[in-house]
Amino acid sequence: MKKLLLATGLTILVILPIYVDESEAAVEKLEFDTTATQHNWKIYSTDYEEIEVGSHEYTYWKNFIRHKRTCQISHRIKTVVYYCDEHDHTKSETFLEEIIHSEKHRD
Ligand SMILES: [Zn+2]
Ligand SMILES: [Zn+2]
């Protein structure tokens, strides 16, 4: 019985320091993550590109006859690249600027 108690005590002594270490490390990590890092983001470049995303059919009337035509849809995408000279790194953001239909139609 005494042996068992001693063993339990030893186990607690061994486990406890590890446990404390881990929780301290966790706190440090959390502090690092939540501390607002100051960046110096500046617009480095702005790019536009058009990508085709699909097509659809539309109908129109001409001389009392119904016509069908295919219209190409494309997205005008704006990509802004930012550069932070504080840490020498970049980030980019993309924006959907415009949805373009190749044909002029009402619906
Ligand atoms: Zn930065
Ligand atoms: Zn269209």
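Residues numbered from 1 in each chain as written. Chains lettered and ligands numbered in written order. Predicted model: local features only at pLDDT ≥ 70, side-chain atom pairs only at ≥ 80, totals over all residues.

*Asks:* Lay out the overall build of the protein with the relevant residues and their values.
*Replies:* Of the regular secondary structure elements, the protein holds one helix and three strands. Helices and strands appear in the protein in the N-to-C order α-β-β-β. Every one of the 107 residues in the protein was classed for burial, and the buried ones make up 0%. A sequence separation of at least 24 residues applies to 50% of the contacts in the protein between residues at least 6 apart. (Helix = DSSP H or I, 4+ residues; strand = E, 2+ residues; numbered from the N terminus. Buried ≥ 20, exposed ≤ 12 C-beta atoms within 10 Å, placed from the backbone. Contact = placed C-beta atoms within 7 Å.)

*Asks:* So, the pairing of strand S3 (residues 89-101): which residues are in play, and what are the values?
*Replies:* Sparse coverage of S3 is indicated by the burial of zero of its 13 residues. Two strands pair when backbone bridges link them, and strand S2 (residues 65-84) and S3 are joined in this way by twelve bridges, in the antiparallel orientation. Counted as the bridge partner of Thr79 is Thr94 from S3. The hairpin turn running from S2 into S3, its antiparallel successor, is four residues long, and Asp88 in that turn takes a positive phi close to 55°. (Pairing = 2+ DSSP bridges.)

*Asks:* Residue-level account of the confidence of the model for the protein, with values.
*Replies:* In the predicted model, the protein carries a mean pLDDT of 81, and the fraction of residues at 70 or more is 66%. In this model, residues 30-34 is a region of pLDDT below 50 whose contacts with residues beyond four sequence positions or in other chains number zero contacts. (pLDDT = per-residue confidence, 0-100.)

*Asks:* How would you summarise unusual backbone geometry if you had to cite specific residues and measurements?
*Replies:* For Asn63, which is not glycine, the phi torsion reads 50° and is therefore positive. Within the element layout of this structure, Asn63 appears in the loop between strand S1 (41-62) and S2. Phi at Asp88 takes a positive value of approximately 55°, unusual for a residue other than glycine. Turning to its location among the elements, Asp88 is positioned in the loop between S2 and S3.

*Asks:* I'd like a description of the pairing of S2, backed by residues and values.
*Replies:* Summarising the sheet, S1 and S2 pair through 20 bridges and their orientation is antiparallel. Following the sheet pairing, Gly54 is matched in S2 by Ile73.

*Asks:* Help me get a handle on the environment of Ile100, residues and values and all.
*Replies:* In this structure, Ile100 sits in strand S3. Along the primary structure Ile100 and Glu52 are separated by 48 residues, whereas in three dimensions their C-alpha atoms are 9.2 Å apart. Setting aside residues up to four positions removed in sequence, Ile100 forms contacts with Glu50, Ser74 and Arg76.

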